[in-house]
Amino acid sequence: DNTEWVPEAQFTTVDASYFDDALFIGDSRMVGMHDYSGLDNATYYAEVGLTIYSLFDDKIAPLADGSMGTIEQALQERQFGKIYLMVGINELGTGTRERFLETYRAAVEKIHALQPDALIFIQGILYVTESRSQSDAYINNPNIMTRNADIATLADNKQIFYIDVNEVYSDGNGNLSTEYSFDNAHLKGACYDKWVTFLMEHGIVK
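Attention here is on the structure that accompanies the text.

Some thoughts on the environment of Gln 159
- For Gln 159, the location among the structural elements is in the loop between α5 (141-152) and β7 (160-163).
- Looking at Gln 159, the relative accessible area reads 19%, which means it is buried.
- Remark: the alpha-carbon pair of Gln 159 and Ile 204, spanning 45 residues in sequence, is separated by 9.1 Å.
- In this structure, Gln 159 is in contact with His 112, Pro 116, Asp 117, Ala 118, Leu 119 and Ile 120, ignoring residues within four places of it in sequence.
- Among the polar contacts listed, one links the side chain of Gln 159 to the backbone oxygen of Pro 116, at a separation of 2.6 Å.

Let's talk about the sheet that holds strand β5 (residues 82-86)
- Taken in spatial order, the five strands line up as β2-β1-β5-β6-β7 in an open sheet, and their pairing is parallel. Looking along the sheet, the strands with just one partner apiece sit at the ends: β2 (43-46) and β7. The average undirected angle you get between the axes of adjacent strands in this sheet is 20°.
- Pairing between strand β1 (residues 22-26) and β2: four bridges, direction parallel. Following the sheet pairing, Phe 24 is matched in β2 by Tyr 44.

Here we look at the packing of helix α3 (residues 97-114) against α5
- For the pair α3 and α5, the least separation of the axes is 10 Å and the interaxial angle reads 35°. Seen along the crossing, α3 lies across α5 with a hand that is right-handed. Residue-level contacts link Arg 97, Phe 100, Leu 101 and Tyr 104 of α3 to Thr 146, Arg 147, Asp 150 and Ile 151 of α5.
- Its residues assigned to classes, the contact of α3 with α5 comprises four nonpolar, one polar and three charged.

Description of helix α1 (residues 28-36)
- Buried within α1 are the following residues: Ser 28, Arg 29, Met 30, Gly 32 and Met 33.
- Check the buried side of α1 and you find it contacts β1, β2, β5, β6 (119-123) and α7 (192-200).
- Looking at the residues trailing α1, positive phi occurs at Gly 38, about 80°.

With respect to the packing of aromatic side chains
- Taken as a whole and judged by the stated rule, the model has 14 aromatic pairs.
- Ring geometry for Phe 24 and Tyr 44: centres 5.2 Å apart, planes at 15°, overall stacked. Remark: Tyr 44 occurs in strand β2 and Phe 24 occurs in strand β1; sequence separation between them is 20 residues. Across the pair, Tyr 44 and Phe 24 agree in class, each one buried.
- Centroid distance Phe 24 to Tyr 84: 4.9 Å. Interplanar angle 15°. Geometry classified as stacked. With a gap of 60 residues between them, Phe 24 in strand β1 and Tyr 84 in strand β5 connect regions that are remote in the sequence.

Criteria and cut-off values
- Residues numbered from 1 in each chain as written.
- Predicted model: local features only at pLDDT ≥ 70, side-chain atom pairs only at ≥ 80, totals over all residues.
- Heavy atoms only, no water.
- Helix = DSSP H or I, 4+ residues; strand = E, 2+ residues; numbered from the N terminus.
- Buried < 20%, exposed > 50% of the residue type's maximum accessible area, 1.4 Å probe, protein only.
- Contact = heavy atoms within 4.5 Å.
- Polar contact = N/O pair within 3.5 Å; in protein donor to acceptor, adjacent residues only side chain to side chain.
- Pairing = 2+ DSSP bridges.
- Axes fitted to C-alpha atoms, helices over the stretch in contact; angles between N-to-C directions.
- Left-handed = near helix turned anticlockwise from the far one by under 90°.
- Nonpolar A, V, L, I, M, F, W, Y, C, P; charged D, E, K, R; others polar.
- Phe/Tyr/Trp six-rings, centres within 6.5 Å; stacked < 30°, edge-to-face > 60°.

If you want it as structure tokens, here you go:
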């Protein structure tokens, strides 16, 4: 067994100001974070449909000169204290499990290289509801759980941490609870406060 021992993350409770130097990167679920979280001092590089495969290609990040650039360009210009990443739902129908993990690993390594002082929080992919999961060959919760288990292995609990907000939104049976979703895959705007509370309970203080 050549797996490296990983220390346990020492999470602590923080307040909203903790996120003033935070960056949220991701797909539609992170667009919702921008729109509804109330964490207005944080920065968001988020786009509906963003994937780990397109992460560094799409021009979704404002640059210092006022133009829009890639996330890579933006991370070269500006340093953040914390970076929260959530992608993965849109990739479930494309690429193999192995390719997803390798691409995700490379993305985390690139972000870490560009932001050597930032804490990186890998966020588990949010579940879909039971009805969506049972009716979709690709976007279903067993696939999401597999991918989450894979990306969780990228955490070293020193600078890279894995957190899973499904603890908050699950129906107890591994599905997104219908009470929180308006379309079986995305959260109602009013439900993002639970996510913020979860993030506040999972701060890392260096």
